[in-house]
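Per-entry structural report
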Amino acid sequence: MENMIEVRDVKKYYKIAKREKGMAAAAGNLFNRKYETKRAVDDISFSIKKGEIVGFIGPNGAGKSTTVKILSGILYPDAGEVKVGGFIPYKQRKQYVKNIGVVFGQKSQLNWDLPLIESFELMKFIYKIPQKKYEENLRLFSKLLDMEEFINQPVRQLSLGQRMRGDIVASLLHSPEIVFLDEPTIGLDVVAKERIREFVRYMNETERTTIIFTTHDMQDIEKVCDRLIIIDKGKKIYDGSIEEIKNRYANIKTIELLLEDGRKETKTFDVSKTPMSVVMESLFSEKNIKDITLCESEIDSIIRDIYEGRVILDDLEAERN
Amino acid sequence: MRAYLEFAIKKFQDKMAYRLDFFMGIVNTAITILVYLCIYRALYGNAADVDGISYSMVATNFVITLGLSNAFHYNEMFLQDKIRDGSITNEFLKPVSFILRLLSENIGEGAFKIIFHFLPALGITILYTKLCPPESVLGLFAMFLSVVLGYLILWLISFIIQTWSFWLFSVWGIITIKNVFVSILSGSLLPLWFMPEALRGIISVTPFESIYFTPVRIYLGELEGMELLWALAVQIMWIAVLGLIANAFWKKGVKKLVVQGG
Ligand SMILES: Nc1ncnc2c1ncn2[C@@H]1O[C@H](COP(=O)(O)OP(=O)(O)O)[C@@H](O)[C@H]1O
Ligand SMILES: [Mg+2]
């Protein structure tokens, strides 16, 4: 099957003006500005097939939003190639944007003063959505996202979760083939998050919409996405299924020991290298152990370990290739 | 096309939601006009005319220039705010022209203020003083056309300065200076008839004369036939020139944003 999204060797460096302290330095800066280069996206490649739903995860400043901006055509890459649905986004922006839907969780595109429904109406005219399809989509979406009670309220009176649901609907009313959601669950409570996850999942399953979903929240990824791309410091450090990471981690165990003298200790070991029986034997022979607990590896802690370099994914990647 | 009409209508409706603004707008416009009329009535005293210009003509000039300039007032920091908080990029995600969208919204607001601020204020003014009646139906029609063209000139000047926010930290100061220039050079402080000859000559080669003074002169019947057509042509010429400049600045600014990322 053909690739919907193709990203090859993409780089984006920001030039940041350095500010120095003191009057003399400030005056000097007026004439001779010094710049620092920030490698926001540093040689990233991936491809995504039609109908895939891919989670982008990475710590703050990893380059997720920058990647989404390049994919949606509002930022030129400094190097590399991007092709989405047959378009080069940043070169053919005007025709291209009709085919995509984008939500930046941090920046609403709704009209603050108007009731939510009127922002939706505007979308109908902006995207020239046929009346029938508009009504169908609106009815379906407001049912799925439970929006009936606040659809007639001005956007400025909405809670963050309600506003975010509004933003998502506004960017999907024209039934785009490709959707980019940049942190659509940021700052939301569990219920609102769950609604959005179900909705995104539904759009992917019924419409075969190709979706990229960025988040900090591993739960989002587990519940919504088939595939996971981890980026950190502008580099892609993992690209594969969630299962794969978990399986790999199934071998890495953490146990908590409660010693006779009341002290607690934790030990991490790899059971594919040292069998469990050997570990236990040596532990019991070395220490006076009162109690022992085996800790589950939560996906959250796995990811934390990956960011912090406690687990190197190279061998994982190598295994797959 | 339909989308732009909707932008204007939505803005119009949006303005209707604020009752207090609505009331204050009438009072504000009426007071501005009446203050000027009082001053000029005192200056005229018992004189029938000054330099061949009657008090009624001056009053008509102020009703049109001040009434319209109040109605044509809108948030000129809009683009700067959008660039500063980064939400300008949202605009590039929609398959519509941002320039035309902003123009449509500002026109929607202007239309609201003409109907709900200017016309009531005009009613109040007529109770106070006698204005010149329109010269002819054709003249009235030509004046409406000329007001629209004048609005576009005013809007483009403002938009050009707004686009400088792509490079400058704040354009507030420049906008303020621009507004002072517009009120002096377009005749909303001192009617252009009374400007010194030399200054008048300079103003006549700037776009400022075309904003309010051309509609005023058409209304009063000072411009007729070829002169009227010429005045409209000059307005259109300014729209073309300013439009090209505005577009060039906008394109450059957008380019800077998409290349550098803000
Ligand atoms: N407009 C910009 N100018 C300069 N630096 C920027 C700009 N936008 C983002 N950055 C920097 O680029 C890096 C990546 O940012 P971003 O893509 O927003 O990360 P994420 O969305 O993963 O949190 C960060 O270090 C950020 O400070
Ligand atoms: Mg981000």
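Values in this document were obtained by computation on a predicted structure and should not be read as measured data. (Residues numbered from 1 in each chain as written. Chains lettered and ligands numbered in written order. Predicted model: local features only at pLDDT ≥ 70, side-chain atom pairs only at ≥ 80, totals over all residues. Heavy atoms only, no water.)

1. Some remarks on the packing of helix 6 (residues 98-128) of chain B against helix 7 (residues 137-163) of chain B
Residues and elements named next belong to chain B. One way to put it is that helix 6 packs onto helix 7 with a least axis distance of 12 Å and a crossing angle of 125°. As judged from the angle between their axes, helix 6 and helix 7 are oblique. Crossing hand, helix 6 versus helix 7: right-handed. Listed contacts from helix 7 to Ile 99, Leu 102, Leu 103, Asn 106 and Ile 107 of helix 6 are Tyr 151, Leu 152, Trp 155 and Phe 159. In terms of residue class, the contact of helix 6 with helix 7 is built from 8 nonpolar, 1 polar and no charged. (Axes fitted to C-alpha atoms, helices over the stretch in contact; angles between N-to-C directions. Helix = DSSP H or I, 4+ residues; strand = E, 2+ residues; numbered from the N terminus. Parallel < 35°, antiparallel > 145°, perpendicular 65-115°, else oblique. Left-handed = near helix turned anticlockwise from the far one by under 90°. Contact = heavy atoms within 4.5 Å. Nonpolar A, V, L, I, M, F, W, Y, C, P; charged D, E, K, R; others polar.)

2. A few points about the sheet that holds strand 7 (residues 210-215) of chain A
Residues and elements named next belong to chain A. Strands sit in the order 5-6-7-3-8-9 across an open sheet of 6 strands; the sheet is mixed. Either end of the sheet is taken by a strand with one partner, and the two such strands are strand 5 (100-104) and strand 9 (235-241). The sheet shows a mean angle of 15° between the axes of neighbouring strands, taken without regard to direction. Looking at chain direction, strand 5 and strand 6 (residues 178-182) are connected through 5 bridges and run parallel. Within the sheet, the bridge partner assigned to Val 103 lies in strand 6 and is Leu 181. Against the sheet, helix 6 (residues 160-172) engages strand 5 and strand 6, with an angle of about 160° to strand 5. With respect to the sheet, helix 7 (residues 190-207) is in contact with strand 3 (53-57), strand 6 and strand 7, its orientation differing from that of strand 7 by roughly 160°. (Pairing = 2+ DSSP bridges.)

3. Focus: the interface of chain B and chain A
Tallying the contact residues gives 25 residues for chain B and 25 residues for chain A. Listed by contribution, the elements that provide at least two residues to the side of chain B that touches chain A are helix 1 (2-16), helix 5 (88-91) and helix 11 (225-260) of chain B. No other element matches helix 1 of chain B, which puts 7 residues into the side of chain B that touches chain A.

4. Points about the site of ligand 1
Residues in contact with ligand 1 amount to 13 residues; listed here are only the nearest, Gly 61, Lys 64, Ser 65 and Thr 66 of chain A together with Gly 261 of chain B. At the site occupied by ligand 1, nearby residues are drawn from chains A and B. A distance of 2.7 Å is found between an oxygen atom of ligand 1 and a side-chain nitrogen or oxygen belonging to Ser 65 of chain A. Burial of ligand 1 by the surrounding chains reaches 72%, relative to a free accessible area of 560 Å². Going through the elements one at a time, strand 1 (3-17), strand 2 (35-49) and helix 2 (64-71) of chain A are the ones with two or more residues in the shell around ligand 1. (Near = heavy atom within 4 Å. Polar contact = N/O pair within 3.5 Å; in protein donor to acceptor, adjacent residues only side chain to side chain. Areas by Shrake-Rupley, 256 points an atom, 1.4 Å probe, with all protein chains shown as cover.)

Shape descriptors only; they carry no functional weight alone.
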